[in-house]
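Results of the structural survey
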Amino acid sequence: LGAGLVITPVAAVVFALLVLLVRAGWAPLRDLDAGTAETFNRIDAAHPELVKAAEVVSDVLDPNVFRVALTLIALAYLIHGEKRHAAWLVVTVFGGAALGFALKEIVGRARPVLPDPVSTAPGLSFPSGHALGATIGCCLLLLITLRFLPRRGRVAAVIAAALIVGTVAFARVVLGVHFVSDVLAGIT
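This text gives an overview of the structure that appears in the document.

Calculation rules
Residues numbered from 1 in each chain as written. Predicted model: local features only at pLDDT ≥ 70, side-chain atom pairs only at ≥ 80, totals over all residues. Heavy atoms only, no water. Salt bridge = Lys/Arg side-chain N within 4 Å of Asp/Glu carboxyl O. Helix = DSSP H or I, 4+ residues; strand = E, 2+ residues; numbered from the N terminus. Buried < 20%, exposed > 50% of the residue type's maximum accessible area, 1.4 Å probe, protein only. Patch = residues over 30% accessible without salt bridge, like charges linked within 9 Å, V, L, I, M, F, W, Y side chains within 5 Å. Areas by Shrake-Rupley, 256 points an atom, 1.4 Å probe, with all protein chains shown as cover. Axes fitted to C-alpha atoms, helices over the stretch in contact; angles between N-to-C directions. Parallel < 35°, antiparallel > 145°, perpendicular 65-115°, else oblique. Contact = heavy atoms within 4.5 Å. Nonpolar A, V, L, I, M, F, W, Y, C, P; charged D, E, K, R; others polar. Expected span 1.5 Å × (residues − 1). Arc of directions from axis to C-beta. Phe/Tyr/Trp six-rings, centres within 6.5 Å; stacked < 30°, edge-to-face > 60°. Polar contact = N/O pair within 3.5 Å; in protein donor to acceptor, adjacent residues only side chain to side chain.

1. Regarding the pattern of salt bridges
Summed over all chains, the structure comprises two salt bridges. A salt bridge links Asp33 to Arg109; the nearest nitrogen and oxygen atoms lie 2.7 Å apart. Taken together, the residues span a long stretch of sequence, with Asp33 in helix H2 (residues 27-46) and Arg109 in the loop between helix H5 (83-107) and helix H6 (129-145) at a distance of 76 residues. Linking Arg109 and Asp182 is a salt bridge whose minimum nitrogen-to-oxygen distance equals 2.7 Å. With Arg109 in the loop between H5 and H6 and Asp182 in helix H8 (residues 180-187), this residue pair connects regions lying 73 residues apart in the sequence. Each member of the pair, Arg109 as well as Asp182, is classed as buried. Taken together, the shared-partner salt bridges connect Asp33, Arg109 and Asp182 into one network.

2. Side note on unusual backbone geometry
Phe126 connects to Pro127 through a cis peptide bond whose omega is -5 degrees. Position of Pro127 among the secondary structure elements: in the loop between H5 and H6.

3. Brief notes about a nonpolar patch on the surface
There is a patch of nonpolar side chains on the surface, built from Val6, Ile7, Val10 and Val14 and spanning about 350 Å² of accessible area. Within the secondary structure, Val14 is located in helix H1 (residues 2-24). Its relative accessible area of 36% is what places Val14 among the partly exposed residues.

4. Remarks on the packing of H2 against helix H3 (residues 48-60)
Remark: H2 packs on H3, axes separated minimally by 5 Å, with the N-to-C direction vectors making an angle of 110 degrees. In terms of orientation, H2 and H3 fall into the roughly perpendicular class. Residues Ile43, Asp44 and Ala46 of H2 lie in contact with H3, whose contacting residues are Pro48, Leu50 and Val51. The residue inventory of the contact of H2 with H3, partitioned by class, reads five nonpolar, no polar and one charged.

5. Section: helix H4 (residues 63-79)
Relative to the 24 Å expected for 17 residues at 1.5 Å per residue, H4 spans 24 Å between its end C-alpha atoms, a close match to the ideal helical length. Listed in full, the buried residues belonging to H4 are Pro63, Phe66, Arg67, Leu70, Ala74 and Tyr77. One face of H4 carries all of its buried residues, which in axial projection span an arc of 95 degrees. Opposite the buried face of H4, at more than 90 degrees from it, the exposed residues are Val68, Leu72 and Ile79.

6. A look at the packing of aromatic side chains
All told, the structure shown has two aromatic pairs when counted by the stated rule. Here Phe40 and Phe170 contribute two aromatic rings whose centre-to-centre distance is 5.4 Å and whose plane-to-plane angle is 80 degrees, an arrangement assigned as edge-to-face. Separated by 130 residues along the polypeptide, Phe40 in helix H2 and Phe170 in helix H7 (residues 151-174) bring together distant segments of the chain. On the accessibility criterion, Phe170 (42% relative accessible area) is partly exposed.

7. Regarding H6
Over its 17 residues, H6 extends 24 Å from the first C-alpha to the last, a length consistent with the 24 Å expected when each residue adds 1.5 Å. Those residues of H6 lying buried are His130, Ala131, Leu132, Gly133, Ala134, Thr135, Ile136, Gly137, Cys138, Leu140, Leu142 and Ile144. At its buried positions, H6 is contacted by H3, H4, H5, H7 and H8. Capping the start of H6 is the job of one residue whose side-chain oxygen sits 3.4 Å from the backbone nitrogen of His130: Ser128.

If you want it as structure tokens, here you go:
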């Protein structure tokens, strides 16, 4: 709870700053985003195995995978008479998804345009829905499971969740369907 009270306002400030900088077209961020996208596009051309790995990560850890898993957990809560936990999960999962879609429309940022794209994705770019879905999914799974784990297990679970979120974010940049700032916004 204490960590959440500190992390939440910091994340909100970082997210708001990213929105403002992206909307304003701040040159250093724009250059970082474009340069990273172009660099990975060149790397991808020489390393199809990296592209395939990023595609697998994006498919296996798609936001809908987290939504289905957490909806099933919500159903289990409901079956066990824990209506509040079930409602909390469903509202958080689908509220987060709706917020992500709304933010994409508000910001209106196009996806990276690359000379020889290795992948495409529909819709707008900011924030990354995959990064947002992985962050929400992993955080909720942590909140559900941490109380059942011993100290070492909790540390391992937090590290695993961070690695999953980071891997999903990295995969989206590798595929050239998101800018770095898109995935950072999805994570925050």
